[in-house]
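Now for the letters of each chain:
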Amino acid sequence: MTAEDILRRALADAARAMGAPDDFQAQLERPRDPAHGDWASNVAMNLARVLKRKPLDIANDVVARLDVQQAGVREAYVAPPGFINFRMAAGAEAARLRDVIAAADTYGRSDDGKGEGVNVEFVSANPTGPLHVGHGRQAAIGDTVATLLEATGWKVTREFYYNDAGVQIANLALSVQARVRELHGETSPIPEGGYHGEYIRDIARDYANAHPDDAMAGNLDQVREFAVAALRREQDLDLQAFGVQFDVYYLESSLYTEGKVDETVKLLVAAGHTFEKDGAMWLRTTDYGDDKDRVMRKSDGTYTYFLPDVAYHVSKWRRGFHRAINVQGADHHSTVTRVRAGLQALGMGIPEGYPEYELHQMVTVMRNREEMKISKRAGSYVTVRDLIDEVGRDAVRYFLLMRKPDSPLVFDIDVARSQSEENPVYYVQMAHARVCGIFRVGERDPAGVTGEGIDYTQLASDEERELVKALLGYPALVTAAARTRSPHLVTQYLLDTARLVHTWYHKHHVLGEAAELQEARLTLARAAMVVLRNGLALLGITAPERM
RNA sequence: GCGCCAGUAGCUCAGUUGGAUAGAGCAACAGCCUUCUAAGCUGUGGGUCGGGGGUUCGAUUCCCUCCUGGCGCACCA
């Protein structure tokens, strides 16, 4: 049990002894200002109302009841308006660096999820072109959320949903057809809603070579299959370059071929939430919070996109995922209510909040202080590949994760490619490399530094105490980031921790100090290495040992 | 018009279930390389947390309202 746990329990026990409710939870936090101690609690203020007493009096009573020597507390005192502050004994916190080092790669992991399954769906691009920056943001967020969940004890399935059955795919086929005909000197316009990127010409050329018998690309089914396969391959390469791997690729077309769409319609009709109007079949989504009812089968007999979406989520549920997270662009937020309404209408016992959505705002790419909108290959948008080629995978991932998903993101290529202090990803990696450098220069094997037999009171400076606190706070950070699905908390944490490492490194020398001090500092360096490495690993970013 | 998201330092953004004097990076200015990586460090200046109400011991955080910006409001996906 950590000092934090002991304190929390002691506070809650004292509070209950004074009349607090049985389920009372004591809050404990790291004060922003070190002058307020190493830990602080506001239990007295929270209890003031219930106990009908002044916070200061309560605080004093609580302190009088505490016996927290075992947690390493040197001093507990009260500060107005009723905070209880704790100061830890010298070396008491640093001694836990031993645990950090012992846990190594597993430091920060927990069993929050208790091994339960969760499906994380992201990217889910239509196979109609290379992945764009928005997909990149989604890939980075989705992959990292998945990793965070794995790190906190969930059994994660990464899933990619291919919309390979809609109107857009038909347009893709027609676009390729037009380019094939162009190869033979025909002027054949790209249809309305078609695709103009250079990659369409590549596919057309490949198709012509592969199917000389179909010179004018008259076999649209064949063209479509060819084009979809080509683009799926291309997207796979994009994802591979970005370091993202999926467990399941789910094809929208399979929902039709396996009869799941028809089945869903039947279930919805049977459940009594549908009606016919103007030759179309509607779902009464207003029963579930939508502002208007939605067409599910158009008057021409085809389905609107949201019906297969509902069928798809039924599939997730039936595959045993009682938790599903969809990472999508915020421009799709209107689907949230609809899909959930469809699932509710089925009356299958699927919870109201299923699936969860993690919606992210748009990405704009800047270069030379101007918005960059075109890519050579894709034409009308910047691709993930463009970015990776320009600034490298690590920087792309880090930059796309820096902001909380709710914020629009500005990707500044000039900053991302600069190898200087203004680039946060290098700043963090550099902190790791510097610490590694100590071991290299000192010809010490990091694995030999276990933290055993160390005099932790040696780590007494402000810089060391702050760094120790940051390193010890890592597991809580991972838990919080996973629970709130917030990768940006990790980038923020790494930046903060890297700063503490750099400051410490600059101010305190390790090699050549008196033996006890040197060993204590090596232990701190080793622990910092572990945390930076693990944190970067969560983001899918490398932790170089030298730069 | 309706819905969702945002509005915090010159710029880009954090701010954990409401806590103590609101933070970081960049930019600006002034310093630091015979010392484990200067891809680094130190210091300085910089704020009506969009406006106005409310809840409370306490609000950037919760509620209401208004303003501004982005996105979405199809028998498109």
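The structure this text deals with has already been given above.
What this report covers is the structure whose coordinates are included nearby. (Residues numbered from 1 in each chain as written. Chains lettered and ligands numbered in written order. Predicted model: local features only at pLDDT ≥ 70, side-chain atom pairs only at ≥ 80, totals over all residues. Heavy atoms only, no water.)

1. Some remarks on unusual backbone geometry
The condition that has to hold: Helix and strand assignments follow DSSP, with helices taken as H or I runs no shorter than four residues and strands as E runs no shorter than two, numbered in order from the N terminus. Burial classes follow relative accessibility: with a 1.4 Å probe on protein chains only, a residue under 20% of its type's maximum area counts as buried, one over 50% as exposed, and anything between as partly exposed.
The omega torsion of the bond from proline 80 to proline 81 falls at 5°, within 30 degrees of zero and hence cis. As for its placement among the helices and strands, proline 81 is situated in the loop between strand S2 (73-79) and strand S3 (83-88). With an omega of -5°, the peptide bond between tyrosine 354 and proline 355 qualifies as cis. As for its position among the elements, proline 355 is in the loop between helix H12 (334-345) and strand S11 (356-360). Its identity as a non-glycine residue notwithstanding, serine 124 has a phi of 40°, on the positive side. Mapping serine 124 onto the fold places it in the loop between strand S4 (117-121) and helix H5 (133-151). Residue serine 124 is classed as buried on the basis of its relative accessible area of 14%.

2. Observations regarding the packing of aromatic side chains
Worth spelling out the cut-off: Under the pairing criterion, centres of Phe, Tyr and Trp rings, with the six-membered ring standing for Trp, must be within 6.5 Å; the plane angle then separates stacked pairs below 30 degrees from edge-to-face pairs above 60, leaving the rest tilted. Only when the NZ of Lys or the CZ of Arg is both within 6 Å of the ring centre and within 35 degrees of the ring normal is a charge said to sit over the ring.
Following the criterion strictly, the structure yields 16 aromatic pairs and no others. Geometrically, the ring pair formed by phenylalanine 160 and phenylalanine 246 is edge-to-face, given 5.2 Å between the ring centres and 80° between the ring planes. Here phenylalanine 246 lies in the loop between helix H8 (220-242) and strand S6 (248-251) and phenylalanine 160 lies in strand S5 (residues 155-162), a separation of 86 residues in the sequence. The same class applies to phenylalanine 160 as to phenylalanine 246, namely buried. Ring centres 3.9 Å apart and planes at 10° place the aromatic pair tyrosine 161 and tyrosine 312 in the stacked group. Of this pair, tyrosine 161 sits in strand S5 while tyrosine 312 is found in helix H11 (residues 306-318), placing the two residues 151 residues apart along the sequence. Accessibility assignment for this pair places tyrosine 161 and tyrosine 312 in one class, buried. Positioned above the aromatic ring of phenylalanine 242 is the side chain of arginine 397, whose terminal nitrogen or guanidinium carbon lies 5.3 Å from the ring centre.

3. Structural notes on the sheet that holds strand S7 (residues 274-277)
Spelled out, the test is: Think of it this way: DSSP has to see at least two bridges between two strands before they count as a pair. Orientation is described by lines fitted to C-alpha atoms, with helices fitted over the stretch in contact, and by angles between N-to-C directions that extend from 0 to 180 degrees.
With antiparallel pairing, the three strands of this open sheet are ordered in space as S7-S8-S9. Two strands close off the open sheet at either side, each with one partner strand: S7 and strand S9 (294-297). With direction set aside, neighbouring strand axes in the sheet form an average angle of 45°. Of the pairings in the sheet, the one linking strand S8 (residues 280-283) to S9 comprises three bridges and is antiparallel in character. Each bridged residue has a counterpart across the sheet, and for methionine 281 the counterpart in S9 is arginine 297.

4. Points about the layout of surface pockets
The test is simple: Whether a set of points on the 1 Å grid over the protein atoms alone is a cavity depends on a 1.4 Å probe fitting there but being unable to get out, while an open set qualifies as a pocket with protein on both sides within 12 Å along at least five of seven lines; lining residues are those with an atom within 4 Å of a point. Grid points are joined across faces, edges and corners, and a volume is the space filled by probe spheres set on the points. Residue polarity follows a fixed list, in which Ala, Val, Leu, Ile, Met, Phe, Trp, Tyr, Cys and Pro are nonpolar, Asp, Glu, Lys and Arg are charged, and the others, Gly among them, are polar. An automatic or database domain assignment provides the domain bounds reported here.
Reported here for the second largest pocket is a volume of approximately 900 Å³. Where the lining of the second largest pocket is concerned, the elements lending two or more residues are helix H1 (3-17), helix H4 (97-103), helix H17 (462-472), helix H18 (474-483) and helix H19 (487-507). The dominant element in the lining of the second largest pocket, judged by the number of residues it contributes, is H18, at six residues. Residue composition of the lining of the second largest pocket, by class: 14 nonpolar, six polar and 13 charged. Here the lining of the second largest pocket gathers at least three residues from each of two domains, domain 1 (3-88) and domain 2 (95-111 + 421-538).

5. Some thoughts on the pattern of salt bridges
What counts is decided by this rule: Whenever Lys or Arg places a side-chain nitrogen within 4 Å of a carboxyl oxygen from Asp or Glu, that contact is recorded as a salt bridge.
The tally for this structure, following the rule as stated, stands at 35 salt bridges. Arginine 74 serves as the salt-bridge partner of glutamate 75, at 4.0 Å between the closest nitrogen and oxygen. Ionic pairing is found between glutamate 182 and arginine 201, a salt bridge with its closest N-O pair at 3.5 Å. Of this pair, glutamate 182 sits in helix H6 (residues 167-183) while arginine 201 sits in helix H7 (residues 198-210); the two residues are 19 residues apart in sequence, bridging distant segments of the chain. Among the residues examined, arginine 201 registers a relative accessible area of 29% and is labelled partly exposed. One network of salt bridges, in which partners are shared, links Asp38, Arg465, Glu466 and Lys469.

6. Notes on the environment of arginine 499
Structurally, arginine 499 can be placed in helix H19. For arginine 499, a relative accessible area of 42% puts it in the partly exposed group. Residues arginine 499 and tyrosine 427, 72 residues apart in the sequence, show an inter-C-alpha distance of 8.1 Å.

7. Digging into helix H3 (residues 55-65)
Helical periodicity: at 3.6 residues per turn, an α-helix aligns residues three or four positions apart in one direction. The cut-off we apply is this: The reported arc concerns the directions from the helix axis to the C-beta atoms and nothing else. Should any heavy atoms of two residues lie within 4.5 Å, those residues are considered in contact.
For H3, every residue scored as buried is listed here: Ile58, Ala59 and Val62. Down the axis of H3, the sector holding all buried residues measures 100°, keeping them to one side. For H3, the secondary structure elements touched by its buried residues are H1, helix H2 (43-51), S2 and S3.

8. Remarks on the side chain of histidine 432
With respect to the element layout, histidine 432 can be found in helix H16 (residues 424-441). By relative accessible area, histidine 432 is classed as buried at 1%. With sequence-adjacent residues up to four places away left out, histidine 432 is seen in contact with Met529, Leu532, Arg533, Ala543, Pro544 and Glu545.

9. Quick look at H8
Inclusion rule: Residue count minus one, scaled by 1.5 Å, sets the expected span of a helix.
Spanning 23 residues, H8 covers 32 Å between terminal C-alpha atoms, matching the ideal 33 Å at 1.5 Å per step. Every buried residue of H8 is listed here: Val223, Phe226, Ala227, Val228, Ala230, Leu231, Glu234, Gln235, Asp238, Leu239 and Phe242. Residue glycine 243 follows H8 closely and has a positive phi angle near 75°.

Taken by themselves, the reported measurements are silent on function.
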